[in-house]
Amino acid sequence: STHLTKLSPTGQHIWTRTIESTGAVECNAVTADAEESVYVTGSFHGTCYFGGAEDSDSHTSEGLFDAFLSKFSSSGQHEWTQVWGGATGHRALDLAIDHSGNICVAGQFTPTRSFYHAAIQSFWPVLFRFTGEGNPVDNEGCAYVSTSAVPNAIAADERGWLYVVGYFNDCI
């Protein structure tokens, strides 16, 4: 299990919400928009209950790890969760809100490729964009930068430009 906690500007505890899992769950980033909605992104394995154990919004991972983006209201009520993944590992590592109010999630997935009959795994960076209602912004959904790369952080400016930092093992 993991938690999301809201504190006042003076550090007073306002509320805490838990994200429960039958396996493992990691929350890697959190941000809030102008309406004080809160977005959390990360990865999970097993069955995850994004609004807590009593919440009906549960998802079961398809592979090693699946990535997620969840929205909570300013009062901490779970509103929705988007999940993506597959047979290999998918991780959501950071998020930012762009000039249009879209939530941009930087992460990675691990495709399995064969090379001389041996399975090789590498990390491929991806970028997903969702509206504030949780809908994908475009069909592509991701941007390919390089193989064996991990995006650690993402930022957006008021003109719509996105900036991603991380590390890679080959050329971009």
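Residues numbered from 1 in each chain as written. Predicted model: local features only at pLDDT ≥ 70, side-chain atom pairs only at ≥ 80, totals over all residues. Heavy atoms only, no water.

Draft legend 1. The arrangement of the overall build of the protein chain in detail. Helix and strand content of the protein chain: zero helices and 15 strands. Burial statistics for the protein chain: of 172 residues in total, 44% are counted as buried. Taking the contacts inside the protein chain whose residues are at least 6 apart along the sequence as the reference set, 43% of them involve residues at least 24 apart. Element-wise, carbon and sulfur atoms account for 52% of the exposed surface of the protein chain, whose accessible area totals about 9,300 Å². (Helix = DSSP H or I, 4+ residues; strand = E, 2+ residues; numbered from the N terminus. Buried < 20%, exposed > 50% of the residue type's maximum accessible area, 1.4 Å probe, protein only. Contact = heavy atoms within 4.5 Å. Areas by Shrake-Rupley, 256 points an atom, 1.4 Å probe, with all protein chains shown as cover.)

Draft legend 2. Structural context of the environment of serine 21. For serine 21, the position within the fold is in strand S2 (residues 13-21). Taking the C-alpha atoms as reference points, serine 21 and cysteine 48, 27 residues apart in sequence, are found 4.2 Å from one another. The contact partners of serine 21, leaving out residues within four places of it in the chain, are Ser1, His45, Thr47 and Cys48. Engagement of the side chain of serine 21 in a polar contact is seen with the backbone nitrogen of alanine 24, the distance being 3.5 Å. Looking at serine 21, its side chain comes within polar contact range of the main-chain oxygen of threonine 47, at 3.5 Å. (Polar contact = N/O pair within 3.5 Å; in protein donor to acceptor, adjacent residues only side chain to side chain.)

Draft legend 3. Seen up close, the sheet that holds strand S3 (residues 24-32). The strand order across the open sheet built from four strands is S3-S4-S7-S8, with neighbouring strands paired in antiparallel fashion. Two strands in the sheet have a free side with no partner beyond their single neighbour: S3 and strand S8 (78-84). Neighbour-to-neighbour, the strand axes of this sheet turn through a mean angle of 20°, independent of strand direction. As defined by bridge partners, S3 adjoins strand S4 (residues 38-45) across eight bridges and the pair is classed as antiparallel. Across the sheet, residue threonine 31 finds its bridge partner in S4, namely tyrosine 39. (Pairing = 2+ DSSP bridges. Axes fitted to C-alpha atoms, helices over the stretch in contact; angles between N-to-C directions.)

Draft legend 4. Just the packing of aromatic side chains, in detail. The tally for this structure, following the rule as stated, stands at seven aromatic pairs. Centre to centre, the rings of phenylalanine 50 and phenylalanine 68 are 4.9 Å apart; their planes meet at 55°, and the pair counts as tilted. Here phenylalanine 50 is found in the loop between strand S5 (47-49) and strand S6 (58-60), whereas its partner phenylalanine 68 is found in strand S7 (residues 66-72), with 18 residues between them in sequence. Across the pair, phenylalanine 68 and phenylalanine 50 agree in class, each one buried. Counting every residue linked through ring pairs, the aromatic cluster contains Phe44, Phe50 and Phe68. (Phe/Tyr/Trp six-rings, centres within 6.5 Å; stacked < 30°, edge-to-face > 60°.)

Draft legend 5. Quick peek at the nonpolar core. Counting 13 residues, the largest nonpolar core has Tyr39, Leu69, Trp84, Leu95, Ile103 and Val105 as the members making the most contacts within it. If you list the elements that add at least two residues to this core, you get S7, S8, strand S9 (90-97), strand S10 (103-109) and strand S13 (124-130). Here the element with the most residues in this core is S13; it accounts for three residues. Sequence-distant contacts of valine 105, that is, excluding residues within four places in its chain, are made with Thr41, Leu69, Trp84, Ala92, Asp94, Leu95, Val126, Leu127 and Phe128. Val40, Phe44, Cys48 and Phe72 belong to the second-largest nonpolar core, a separate cluster that totals 11 residues. (Core = buried A, V, L, I, M, F, W, Y, C linked by side-chain atoms within 4.5 Å.)

Draft legend 6. Spotlight on the sheet that holds strand S1 (residues 2-7). Spatially, four strands are ordered S1-S2-S5-S6 in an open sheet, and the strand pairing comes out antiparallel. In this open sheet, the two edge strands, each paired with only one partner strand, are S1 and S6. This sheet shows a mean twist of 15° between the axes of neighbouring strands, independent of strand direction. Pairing of S1 with S2 involves six bridges; the strand directions are antiparallel. By the bridge assignment for S2, leucine 7 is matched with histidine 13.

Draft legend 7. The arrangement of the environment of serine 43 in detail. Locating serine 43 in the fold gives a position in strand S4. Taking relative accessible area as the criterion, serine 43 reaches 0% and is therefore assigned buried. As for serine 43 and glycine 107, which are separated by 64 residues in sequence, their C-alpha atoms are 9.7 Å apart. Polar contacts involving the side chain of serine 43 include one to the main-chain carbonyl oxygen of histidine 90, which spans 3.4 Å.

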